[in-house]
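Chain by chain, the residues run as shown.
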Amino acid sequence: MESTPHILVVDDHRDIRESLAAYLTKNEYRVSTAAGGAEMRKVLEASAIDLVVLDIMMPGEDGLTLCRHLRETTDIPVIMLTAVSEDTDRVIGLEMGADDYLTKPFNPRELLARIKAVLRRANSLPPSHKPKRQGQITFANWTVDTGQRELVGPDGISIPLSTSEYKLLMAFIDHPNMVLSRDQLLDLTSGRGAHVFDRSIDNQVSRLRKKLETDPKNPTIIKTVWGGGYMFAAEVMAP
């Protein structure tokens, strides 16, 4: 029974929570529900959750705020529920790290299919060696401050990183000395809901190398593994 995926549905509408819980339970998932952020945190503290279905439009802490909290503190996949008119919120949700989205009203069968797809991708990812790293992280004389999202070079000068470059660097830092394929890097940084092509990872790696490597054409930190992907070869020191 414990191997059955555990889904957390977060929505302030009781009828939606209960109907989704009943449908997912019928399809052999374990399900918990929460009406908002406070209840969500209690469930996360008490249970091992495999995926969160998260509504955007909620009073108090909205879904975007909660999605940001989940991405900063966990690796739990997130599927966001949005209204048809919320294109901007949908895009922001994906940029914050949501793995997929679904617009209301929706067919529960489509949500079920998306849950299965996101869990399948999540289970294919290599596990981090340690819990999500926070604070001051150092590697190859570089320092990353995760609180400020700041990269400081060996000379003490701060190097600006775009959001995509920062996410890519943290994906590497969380999986040092592991070969990561382009698909895995996409899932770790963007989620398949972003609809980006795998070759965009090559461009992001190239930009990151230009900022990190002494000789970007002969990299020693982010190495290419031919036929496999990329590997972060530097030793990572974190609190």
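Residues numbered from 1 in each chain as written. Predicted model: local features only at pLDDT ≥ 70, side-chain atom pairs only at ≥ 80, totals over all residues. Heavy atoms only, no water.

1. Examining the side chain of K104
Reasoning step 1: If you trace the backbone, K104 turns up in strand 5 (residues 100-104).
Reasoning step 2: A distance of 3.2 Å separates polar atoms of two side chains, one belonging to K104 and the other to D11.
Reasoning step 3: There is a polar contact of 3.0 Å between the side chain of K104 and the side chain of D55. (Helix = DSSP H or I, 4+ residues; strand = E, 2+ residues; numbered from the N terminus. Polar contact = N/O pair within 3.5 Å; in protein donor to acceptor, adjacent residues only side chain to side chain.)

2. Some thoughts on the sheet that holds strand 13 (residues 236-237)
Reasoning step 1: Spatially, 9-8-7-6-13 is the arrangement adopted by the five strands of the open sheet, whose pairing is antiparallel. Every interior strand has two partners, whereas the edge strands, strand 9 (158-159) and strand 13, have only one.
Reasoning step 2: By the bridge criterion, two bridges tie strand 8 (residues 150-152) to strand 9 in an arrangement that is antiparallel. Paired with L151 across the two strands is I159, which belongs to strand 9. (Pairing = 2+ DSSP bridges.)

3. Points about the packing of aromatic side chains
Reasoning step 1: Applying the stated criterion across every chain yields a total of two aromatic pairs.
Reasoning step 2: When the centroid spacing of 5.2 Å and the interplanar angle of 70° are considered together, the rings of F139 and F232 count as edge-to-face. Note that F139 is positioned in strand 6 (residues 136-139) and F232 in strand 12 (residues 229-232), a separation of 93 residues in sequence.
Reasoning step 3: Judged by relative accessible area, which is 1%, F139 ranks as buried. (Phe/Tyr/Trp six-rings, centres within 6.5 Å; stacked < 30°, edge-to-face > 60°. Buried < 20%, exposed > 50% of the residue type's maximum accessible area, 1.4 Å probe, protein only.)

4. A closer look at the pairing of strand 11 (residues 222-225)
Reasoning step 1: Inspection of the sheet shows strand 11 paired to strand 12 by four bridges, in the antiparallel sense. For K223, the partnering residue across the bridge sits in strand 12 and is M231.
Reasoning step 2: Once strand 11 ends, the chain turns through three residues before running back antiparallel as strand 12, passing G227 with a positive phi of about 80°.

5. Re the sheet that holds strand 11
Reasoning step 1: Spatial strand order, 10-12-11: three strands in an open sheet with antiparallel pairing. In this open sheet, the two strands that pair with only one neighbour each are strand 10 (179-180) and strand 11.
Reasoning step 2: This element, helix 6 (residues 163-174), spans strand 10, strand 11 and strand 12 of the sheet and lies at about 70° to strand 12. (Contact = heavy atoms within 4.5 Å. Axes fitted to C-alpha atoms, helices over the stretch in contact; angles between N-to-C directions.)

6. Quick notes on the pattern of salt bridges
Reasoning step 1: All told, the structure shown has nine salt bridges when counted by the stated rule.
Reasoning step 2: Across the pair R182 and D202 runs a salt bridge whose closest N-O atoms are separated by 2.8 Å. On the criterion of sequence distance, the pair formed by R182 in helix 7 (residues 182-189) and D202 in helix 8 (residues 199-212) is long-range, its members being 20 residues apart.
Reasoning step 3: Owing to a relative accessible area of 15%, D202 belongs among the buried residues under this scheme.
Reasoning step 4: The structure contains a network of salt bridges with shared partners spanning D11, D55 and K104. (Salt bridge = Lys/Arg side-chain N within 4 Å of Asp/Glu carboxyl O.)

7. Focus on the nonpolar core
One recurring pattern in soluble globular proteins: nonpolar side chains tend to sit buried together.
Reasoning step 1: Membership of the largest hydrophobic core comes to 26 residues, with the highest contact counts inside it found for F139, L169 and F232.
Reasoning step 2: Those elements that place two or more of their residues in this core are strand 6, strand 7 (142-145), helix 6, helix 7, helix 8 and strand 12.
Reasoning step 3: With seven residues, the single largest contributor to this core is helix 6.
Reasoning step 4: Counting residues in hydrophobic clusters, the runner-up holds 18 residues, among them V10, V43, L64 and L66. (Core = buried A, V, L, I, M, F, W, Y, C linked by side-chain atoms within 4.5 Å.)

8. Considerations on the pairing of strand 5
Reasoning step 1: With four of five residues buried, strand 5 lies mostly within the body of the structure.
Reasoning step 2: Both strand 4 (residues 78-83) and strand 5 contribute to a ladder of five bridges, which runs parallel. Among the inter-strand pairings, M80 is bridged to a residue of strand 5, identified as Y101.

9. Some thoughts on the side chain of D202
Reasoning step 1: At 2.6 Å, the side chain of D202 and the side chain of Y230 are in polar contact.
Reasoning step 2: Apart from residues lying up to four places away in sequence, D202 is in contact with R182 and Y230.

10. Side note on unusual backbone geometry
Reasoning step 1: In the segment running from K104 into P105, the intervening peptide bond is cis, with an omega of -10°.
Reasoning step 2: By the secondary structure assignment, P105 is in the loop between strand 5 and helix 5 (108-124).
Reasoning step 3: Even without glycine at this site, E28 takes up a positive phi of about 70°.
Reasoning step 4: With respect to the element layout, E28 can be found in the loop between helix 1 (14-26) and strand 2 (30-34).
Reasoning step 5: We classify E28 as exposed; its relative accessible area is 67%.
Reasoning step 6: Located in the positive-phi region is N177, a residue other than glycine, with phi close to 60°.

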